[in-house]
Amino acid sequence: MKTNLFDTQRPFVIIIFLVKLQSLYIKHLEKSIMQEFILGSDVMHSIMKEVDQVAKYDVNVLIIGESGTGKELLAKIIHLQSPRAENPFVPVNCGILSGLMFEDKLFGHEKGSFTGAIRREKGCLELADKGTLFLDEVAEIPLENQVDFLRVLEDFQFIRIGGNELIKVDIRLISATNKDLKAEMKQGSFRDDLFYRLHLVPIYIPALRERKSVIPKMVDRFLDQLAANYKRPKPAVKLEVIDIFSRYNWPGNVRELKNLVERVFIINNNDVINIEHLPSDFLWHFRDPPKMMNLEDVKQSAETKAILDVLYRVGGDRKQAAGMLDISPRTLRHKLNKYNLKVDRKGKPMATLKKGLS
(Lines give C-alpha, C1' and ligand atoms only; values in the text may rest on other atoms or scores of the structure.)
Protein backbone atom coordinates (compact mmCIF):
# COMPACT_ATOMS: atom_id res chain seq x y z
CA MET A 1 0.00 0.00 0.00
CA LYS A 2 1.39 3.36 -1.02
CA THR A 3 1.74 5.81 1.81
CA ASN A 4 0.61 9.36 1.14
CA LEU A 5 3.18 11.81 2.46
CA PHE A 6 0.39 14.20 3.40
CA ASP A 7 -1.28 11.50 5.52
CA THR A 8 1.90 10.96 7.56
CA GLN A 9 2.28 14.69 8.11
CA ARG A 10 -1.40 15.44 8.65
CA PRO A 11 -1.16 15.69 12.47
CA PHE A 12 1.66 18.22 12.14
CA VAL A 13 -0.28 20.20 9.50
CA ILE A 14 -3.32 20.30 11.79
CA ILE A 15 -1.20 21.45 14.74
CA ILE A 16 0.38 24.23 12.66
CA PHE A 17 -3.08 25.25 11.42
CA LEU A 18 -4.47 25.37 14.98
CA VAL A 19 -1.49 27.40 16.20
CA LYS A 20 -1.98 29.91 13.37
CA LEU A 21 -5.72 30.03 14.07
CA GLN A 22 -5.05 30.69 17.77
CA SER A 23 -2.55 33.43 16.88
CA LEU A 24 -5.12 35.08 14.58
CA TYR A 25 -7.73 34.90 17.35
CA ILE A 26 -5.31 36.45 19.84
CA LYS A 27 -4.52 39.30 17.42
CA HIS A 28 -8.26 39.88 16.85
CA LEU A 29 -8.92 39.84 20.61
CA GLU A 30 -6.01 42.18 21.25
CA LYS A 31 -7.26 44.63 18.60
CA SER A 32 -10.82 44.53 19.97
CA ILE A 33 -9.69 45.16 23.56
CA MET A 34 -7.30 47.94 22.56
CA GLN A 35 -9.98 49.74 20.53
CA GLU A 36 -12.29 49.74 23.54
CA PHE A 37 -9.53 50.85 25.88
CA ILE A 38 -7.84 53.66 23.92
CA LEU A 39 -10.65 55.44 22.08
CA GLY A 40 -8.70 58.44 20.87
CA SER A 41 -7.35 59.74 24.19
CA ASP A 42 -3.85 61.25 24.20
CA VAL A 43 -3.39 60.07 27.78
CA MET A 44 -4.35 56.51 26.90
CA HIS A 45 -2.12 56.53 23.81
CA SER A 46 0.75 57.54 26.11
CA ILE A 47 -0.10 54.63 28.43
CA MET A 48 -0.15 52.25 25.47
CA LYS A 49 3.34 53.32 24.43
CA GLU A 50 4.53 52.37 27.89
CA VAL A 51 2.60 49.09 27.73
CA ASP A 52 4.17 48.28 24.35
CA GLN A 53 7.63 48.47 25.96
CA VAL A 54 6.74 46.76 29.25
CA ALA A 55 4.84 43.84 27.71
CA LYS A 56 8.00 42.44 26.11
CA TYR A 57 9.69 41.80 29.46
CA ASP A 58 8.69 39.61 32.41
CA VAL A 59 8.66 42.48 34.91
CA ASN A 60 6.04 42.93 37.62
CA VAL A 61 3.52 45.64 36.75
CA LEU A 62 1.29 47.51 39.22
CA ILE A 63 -1.77 49.16 37.64
CA ILE A 64 -3.22 52.00 39.72
CA GLY A 65 -6.64 53.54 39.15
CA GLU A 66 -10.14 53.99 40.51
CA SER A 67 -12.74 51.24 40.26
CA GLY A 68 -14.18 50.99 36.76
CA THR A 69 -11.23 52.58 34.93
CA GLY A 70 -10.32 49.35 33.13
CA LYS A 71 -7.41 47.95 35.13
CA GLU A 72 -8.15 44.31 34.24
CA LEU A 73 -8.62 45.32 30.60
CA LEU A 74 -5.16 46.89 30.59
CA ALA A 75 -3.70 43.80 32.26
CA LYS A 76 -5.17 41.66 29.45
CA ILE A 77 -3.61 43.95 26.84
CA ILE A 78 -0.18 43.56 28.50
CA HIS A 79 -0.67 39.79 28.50
CA LEU A 80 -1.79 39.69 24.85
CA GLN A 81 1.19 41.78 23.75
CA SER A 82 3.65 39.65 25.70
CA PRO A 83 5.45 36.43 24.62
CA ARG A 84 3.01 34.64 26.97
CA ALA A 85 -0.07 35.61 24.92
CA GLU A 86 -0.95 32.03 23.92
CA ASN A 87 -0.84 30.83 27.54
CA PRO A 88 -3.41 31.40 30.35
CA PHE A 89 -4.42 34.77 31.79
CA VAL A 90 -5.69 34.01 35.31
CA PRO A 91 -7.40 36.80 37.31
CA VAL A 92 -7.75 36.68 41.12
CA ASN A 93 -9.93 39.07 43.13
CA CYS A 94 -7.97 39.53 46.36
CA GLY A 95 -10.75 41.62 47.89
CA ILE A 96 -12.88 38.59 48.72
CA LEU A 97 -10.14 36.27 50.02
CA SER A 98 -8.41 35.91 53.36
CA GLY A 99 -6.68 33.30 55.50
CA LEU A 100 -7.08 29.71 54.31
CA MET A 101 -9.31 30.82 51.40
CA PHE A 102 -6.49 32.98 50.02
CA GLU A 103 -3.95 30.15 50.36
CA ASP A 104 -6.33 27.67 48.75
CA LYS A 105 -7.09 30.01 45.85
CA LEU A 106 -3.41 30.60 45.08
CA PHE A 107 -1.71 27.35 46.10
CA GLY A 108 -4.46 24.75 45.73
CA HIS A 109 -4.92 21.74 47.99
CA GLU A 110 -4.56 17.96 48.22
CA LYS A 111 -7.51 15.62 48.72
CA GLY A 112 -8.48 15.38 52.40
CA SER A 113 -6.34 18.34 53.49
CA PHE A 114 -9.37 20.01 55.13
CA THR A 115 -13.12 19.48 55.47
CA GLY A 116 -14.66 19.62 52.01
CA ALA A 117 -11.41 18.87 50.14
CA ILE A 118 -12.82 15.87 48.27
CA ARG A 119 -10.26 16.00 45.45
CA ARG A 120 -6.95 17.57 44.55
CA GLU A 121 -7.40 21.12 43.23
CA LYS A 122 -4.81 23.24 41.49
CA GLY A 123 -4.44 26.84 42.65
CA CYS A 124 -4.23 29.92 40.45
CA LEU A 125 -0.44 29.84 40.52
CA GLU A 126 -0.44 26.43 38.81
CA LEU A 127 -3.25 27.41 36.44
CA ALA A 128 -1.26 30.48 35.35
CA ASP A 129 1.94 28.50 34.67
CA LYS A 130 3.68 29.85 31.53
CA GLY A 131 1.08 32.65 31.47
CA THR A 132 0.03 35.70 33.49
CA LEU A 133 -1.39 35.90 37.01
CA PHE A 134 -3.47 39.05 37.58
CA LEU A 135 -4.04 40.08 41.21
CA ASP A 136 -6.91 42.58 41.39
CA GLU A 137 -7.43 44.68 44.56
CA VAL A 138 -3.99 43.59 45.76
CA ALA A 139 -4.16 46.08 48.65
CA GLU A 140 -6.84 43.87 50.24
CA ILE A 141 -4.50 40.89 50.81
CA PRO A 142 -4.50 40.38 54.62
CA LEU A 143 -1.16 40.89 56.38
CA GLU A 144 -0.91 37.23 57.44
CA ASN A 145 -1.24 36.14 53.78
CA GLN A 146 1.18 38.78 52.49
CA VAL A 147 4.08 36.92 54.14
CA ASP A 148 3.26 33.63 52.41
CA PHE A 149 2.76 35.30 49.07
CA LEU A 150 6.03 37.20 49.36
CA ARG A 151 7.89 33.90 49.83
CA VAL A 152 6.41 32.61 46.57
CA LEU A 153 7.59 35.71 44.73
CA GLU A 154 11.17 34.94 45.73
CA ASP A 155 11.46 31.82 43.54
CA PHE A 156 7.90 30.95 42.43
CA GLN A 157 7.91 27.72 44.39
CA PHE A 158 5.17 26.54 46.78
CA ILE A 159 3.46 23.52 48.28
CA ARG A 160 -0.25 22.81 47.97
CA ILE A 161 -2.25 22.82 51.24
CA GLY A 162 -1.91 19.37 52.78
CA GLY A 163 0.84 18.36 50.38
CA ASN A 164 4.60 17.86 50.55
CA GLU A 165 5.54 18.20 46.87
CA LEU A 166 7.44 21.39 45.98
CA ILE A 167 5.86 22.88 42.86
CA LYS A 168 7.70 25.40 40.67
CA VAL A 169 5.86 27.67 38.24
CA ASP A 170 6.81 30.20 35.58
CA ILE A 171 4.42 33.17 35.67
CA ARG A 172 4.23 36.86 34.81
CA LEU A 173 2.68 38.89 37.66
CA ILE A 174 0.43 41.92 37.13
CA SER A 175 -1.28 43.58 40.11
CA ALA A 176 -3.91 46.30 40.39
CA THR A 177 -5.20 48.56 43.14
CA ASN A 178 -7.54 51.49 43.62
CA LYS A 179 -5.76 52.48 46.85
CA ASP A 180 -2.60 54.40 47.65
CA LEU A 181 -0.25 51.58 48.63
CA LYS A 182 2.30 54.00 50.10
CA ALA A 183 -0.37 55.28 52.47
CA GLU A 184 -1.32 51.66 53.29
CA MET A 185 2.36 50.99 54.09
CA LYS A 186 2.49 53.94 56.50
CA GLN A 187 -0.63 52.64 58.25
CA GLY A 188 1.00 49.22 58.57
CA SER A 189 -1.60 47.35 56.51
CA PHE A 190 0.71 46.58 53.57
CA ARG A 191 4.25 45.24 53.77
CA ASP A 192 7.07 47.41 52.41
CA ASP A 193 8.94 44.45 50.91
CA LEU A 194 5.83 43.24 49.06
CA PHE A 195 5.15 46.75 47.77
CA TYR A 196 8.60 47.05 46.22
CA ARG A 197 8.21 43.60 44.65
CA LEU A 198 4.96 44.59 42.95
CA HIS A 199 5.83 48.23 42.20
CA LEU A 200 8.62 47.60 39.68
CA VAL A 201 6.67 49.25 36.83
CA PRO A 202 3.67 51.33 38.00
CA ILE A 203 1.04 52.45 35.44
CA TYR A 204 -1.62 54.98 36.42
CA ILE A 205 -4.99 55.02 34.63
CA PRO A 206 -6.74 58.40 35.02
CA ALA A 207 -10.40 58.56 36.00
CA LEU A 208 -12.97 59.25 33.27
CA ARG A 209 -13.67 62.71 34.72
CA GLU A 210 -10.04 63.59 33.92
CA ARG A 211 -10.45 62.71 30.22
CA LYS A 212 -14.02 63.65 29.34
CA SER A 213 -13.06 64.47 25.75
CA VAL A 214 -13.14 60.74 24.97
CA ILE A 215 -16.78 60.32 26.06
CA PRO A 216 -18.31 60.87 22.55
CA LYS A 217 -16.00 58.22 21.05
CA MET A 218 -16.69 55.85 23.93
CA VAL A 219 -20.46 56.18 23.50
CA ASP A 220 -20.12 55.61 19.75
CA ARG A 221 -17.92 52.54 20.31
CA PHE A 222 -20.26 51.05 22.92
CA LEU A 223 -23.27 51.53 20.63
CA ASP A 224 -21.39 49.78 17.80
CA GLN A 225 -20.82 46.80 20.10
CA LEU A 226 -24.42 46.77 21.37
CA ALA A 227 -25.87 46.98 17.86
CA ALA A 228 -23.75 44.01 16.82
CA ASN A 229 -24.49 41.98 19.97
CA TYR A 230 -28.27 42.57 19.95
CA LYS A 231 -28.57 42.62 16.13
CA ARG A 232 -30.39 45.95 16.13
CA PRO A 233 -29.79 49.20 14.24
CA LYS A 234 -27.40 51.60 15.91
CA PRO A 235 -29.26 54.73 17.12
CA ALA A 236 -27.96 58.27 16.71
CA VAL A 237 -27.22 60.29 19.85
CA LYS A 238 -28.36 63.90 20.25
CA LEU A 239 -25.69 66.47 21.10
CA GLU A 240 -27.52 67.44 24.30
CA VAL A 241 -27.15 63.84 25.51
CA ILE A 242 -23.39 63.94 24.90
CA ASP A 243 -23.31 67.33 26.64
CA ILE A 244 -25.02 66.00 29.74
CA PHE A 245 -22.70 62.97 29.74
CA SER A 246 -19.73 65.35 29.61
CA ARG A 247 -21.04 67.35 32.58
CA TYR A 248 -21.35 64.28 34.81
CA ASN A 249 -18.35 63.20 36.91
CA TRP A 250 -18.78 59.40 36.49
CA PRO A 251 -17.77 58.07 39.93
CA GLY A 252 -18.03 54.56 38.44
CA ASN A 253 -15.81 55.60 35.53
CA VAL A 254 -15.89 53.76 32.17
CA ARG A 255 -17.83 50.83 33.63
CA GLU A 256 -20.64 53.17 34.74
CA LEU A 257 -20.78 54.88 31.32
CA LYS A 258 -20.83 51.54 29.49
CA ASN A 259 -23.60 50.17 31.72
CA LEU A 260 -25.71 53.32 31.28
CA VAL A 261 -25.35 53.27 27.47
CA GLU A 262 -26.40 49.60 27.40
CA ARG A 263 -29.36 50.32 29.66
CA VAL A 264 -30.56 53.17 27.41
CA PHE A 265 -30.00 51.05 24.28
CA ILE A 266 -32.10 48.16 25.63
CA ILE A 267 -35.11 50.22 26.76
CA ASN A 268 -35.13 52.57 23.75
CA ASN A 269 -36.39 51.35 20.36
CA ASN A 270 -36.15 54.74 18.63
CA ASP A 271 -33.65 55.72 15.96
CA VAL A 272 -32.38 58.59 18.12
CA ILE A 273 -31.41 58.80 21.79
CA ASN A 274 -32.72 62.01 23.37
CA ILE A 275 -32.45 63.32 26.92
CA GLU A 276 -35.95 62.00 27.70
CA HIS A 277 -34.63 58.47 27.05
CA LEU A 278 -32.09 58.78 29.88
CA PRO A 279 -33.10 57.11 33.17
CA SER A 280 -34.64 59.37 35.82
CA ASP A 281 -32.14 58.19 38.45
CA PHE A 282 -29.33 59.50 36.20
CA LEU A 283 -31.05 62.82 35.34
CA TRP A 284 -31.65 63.37 39.06
CA HIS A 285 -27.97 64.36 39.41
CA PHE A 286 -28.60 67.48 37.30
CA ARG A 287 -31.49 68.90 39.27
CA ASP A 288 -30.71 72.01 41.31
CA PRO A 289 -30.44 71.09 44.99
CA PRO A 290 -33.20 72.57 47.16
CA LYS A 291 -32.30 75.79 48.90
CA MET A 292 -31.48 75.09 52.53
CA MET A 293 -33.55 77.17 54.95
CA ASN A 294 -33.86 76.88 58.71
CA LEU A 295 -37.20 77.35 60.47
CA GLU A 296 -36.43 80.95 61.41
CA ASP A 297 -35.82 81.85 57.75
CA VAL A 298 -39.06 80.14 56.72
CA LYS A 299 -40.98 82.02 59.42
CA GLN A 300 -39.45 85.37 58.41
CA SER A 301 -40.23 84.81 54.73
CA ALA A 302 -43.86 83.91 55.45
CA GLU A 303 -44.44 86.80 57.89
CA THR A 304 -42.81 89.35 55.57
CA LYS A 305 -45.02 88.31 52.66
CA ALA A 306 -48.19 88.35 54.81
CA ILE A 307 -47.46 91.80 56.34
CA LEU A 308 -46.62 93.46 53.00
CA ASP A 309 -49.68 91.93 51.29
CA VAL A 310 -52.09 93.12 54.01
CA LEU A 311 -50.58 96.63 54.24
CA TYR A 312 -50.91 97.02 50.47
CA ARG A 313 -54.56 95.84 50.55
CA VAL A 314 -55.52 98.31 53.34
CA GLY A 315 -53.64 101.24 51.80
CA GLY A 316 -51.00 101.41 54.53
CA ASP A 317 -53.41 101.54 57.49
CA ARG A 318 -51.33 99.82 60.19
CA LYS A 319 -54.15 99.54 62.76
CA GLN A 320 -56.43 97.86 60.22
CA ALA A 321 -53.56 95.65 59.01
CA ALA A 322 -52.82 94.55 62.59
CA GLY A 323 -56.48 93.60 63.07
CA MET A 324 -56.49 91.52 59.86
CA LEU A 325 -53.27 89.79 60.95
CA ASP A 326 -54.75 89.16 64.42
CA ILE A 327 -51.86 90.91 66.18
CA SER A 328 -51.57 94.18 68.11
CA PRO A 329 -50.36 97.40 66.39
CA ARG A 330 -47.36 97.28 68.72
CA THR A 331 -46.45 93.74 67.52
CA LEU A 332 -46.85 94.84 63.89
CA ARG A 333 -44.55 97.80 64.50
CA HIS A 334 -42.00 95.47 66.13
CA LYS A 335 -42.02 93.10 63.14
CA LEU A 336 -41.68 95.96 60.66
CA ASN A 337 -38.55 97.10 62.50
CA LYS A 338 -37.26 93.55 62.97
CA TYR A 339 -37.50 92.68 59.28
CA ASN A 340 -36.57 96.21 58.13
CA LEU A 341 -39.81 96.58 56.16
CA LYS A 342 -40.80 100.04 54.90
CA VAL A 343 -43.96 101.01 53.02
CA ASP A 344 -45.19 104.35 51.68
CA ARG A 345 -48.45 106.01 52.71
CA LYS A 346 -50.41 103.86 50.28
CA GLY A 347 -48.91 100.62 51.58
CA LYS A 348 -46.50 99.98 48.73
CA PRO A 349 -43.11 98.53 49.76
CA MET A 350 -40.46 101.25 49.58
CA ALA A 351 -38.04 99.00 47.72
CA THR A 352 -40.66 98.46 44.98
CA LEU A 353 -41.39 102.20 44.79
CA LYS A 354 -37.71 103.10 44.51
CA LYS A 355 -37.20 100.45 41.82
CA GLY A 356 -40.10 101.88 39.82
CA LEU A 357 -38.74 105.42 40.00
CA SER A 358 -35.19 104.50 39.04
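Here's a quick rundown of the structure. (Residues numbered from 1 in each chain as written. Predicted model: local features only at pLDDT ≥ 70, side-chain atom pairs only at ≥ 80, totals over all residues. Heavy atoms only, no water.)

1. Observations regarding the nonpolar core
In terms of nonpolar packing, the biggest core is built from 32 residues, with V92, L125, L133, L135 and F149 touching the most fellow members. The greatest single-element share of this core, amounting to four residues, is contributed by helix 6 (residues 143–155). Counting 23 residues, the second largest nonpolar core, distinct from the first, contains L226, V241, I244 and V261. (Core = buried A, V, L, I, M, F, W, Y, C linked by side-chain atoms within 4.5 Å. Buried < 20%, exposed > 50% of the residue type's maximum accessible area, 1.4 Å probe, protein only. Helix = DSSP H or I, 4+ residues; strand = E, 2+ residues; numbered from the N terminus.)

2. Some thoughts on the pattern of salt bridges
Inspection of the entire model under this criterion finds 18 salt bridges. We note a salt bridge from D129 to K130, for which the minimum N-O separation is 3.3 Å. For D129, a relative accessible area of 25% corresponds to the partly exposed category. Residue R191 pairs with D193 through a salt bridge whose shortest N-O separation is 2.7 Å. It is possible to trace a salt-bridge network through shared partners that takes in E110, R120, E126 and R160. (Salt bridge = Lys/Arg side-chain N within 4 Å of Asp/Glu carboxyl O.)

3. Some thoughts on the sheet that holds strand 5 (residues 132–136)
Strand order in the open sheet formed by five strands is 2-5-8-1-9, with parallel pairing between adjacent strands. A single partner strand is all that each edge strand has here, and the edge strands are strand 2 (89–93) and strand 9 (201–204). Pairs of neighbouring strands in the sheet enclose a mean axial angle of 20 degrees, with direction left out of account. Taken together, the four bridges between strand 1 (residues 61–64) and strand 9 define a ladder with parallel strand orientation. From the neighbouring strand, V61 faces strand 9, where its bridge partner is V201. Across the face of the sheet, helix 2 (residues 42–54) comes into contact with strand 1, strand 8 (172–177) and strand 9 while running at roughly 155 degrees to strand 9. Each of strand 1, strand 2, strand 5, strand 8 and strand 9 touches helix 3 (residues 71–80); the most contacted strand, strand 1, lies at about 150 degrees to it. (Pairing = 2+ DSSP bridges. Axes fitted to C-alpha atoms, helices over the stretch in contact; angles between N-to-C directions. Contact = heavy atoms within 4.5 Å.)

4. Topic: the packing of aromatic side chains
Tallied over the entire structure, the rule returns twelve aromatic pairs. Seen in terms of ring centroids, F102 and F149 are 6.4 Å apart; in terms of plane orientation they differ by 85 degrees. Their pairing is edge-to-face. Residue F102 is found in helix 4 (residues 99–107), and its partner F149 is found in helix 6; the two are separated by 47 residues along the sequence. Both residues of the pair, F102 and F149, belong to the buried class. The ring of F265 carries the charged tip of R232 above its face, separated from the ring centre by 4.2 Å. (Phe/Tyr/Trp six-rings, centres within 6.5 Å; stacked < 30°, edge-to-face > 60°. Lys NZ or Arg CZ within 6 Å of the ring centre and 35° of its normal.)

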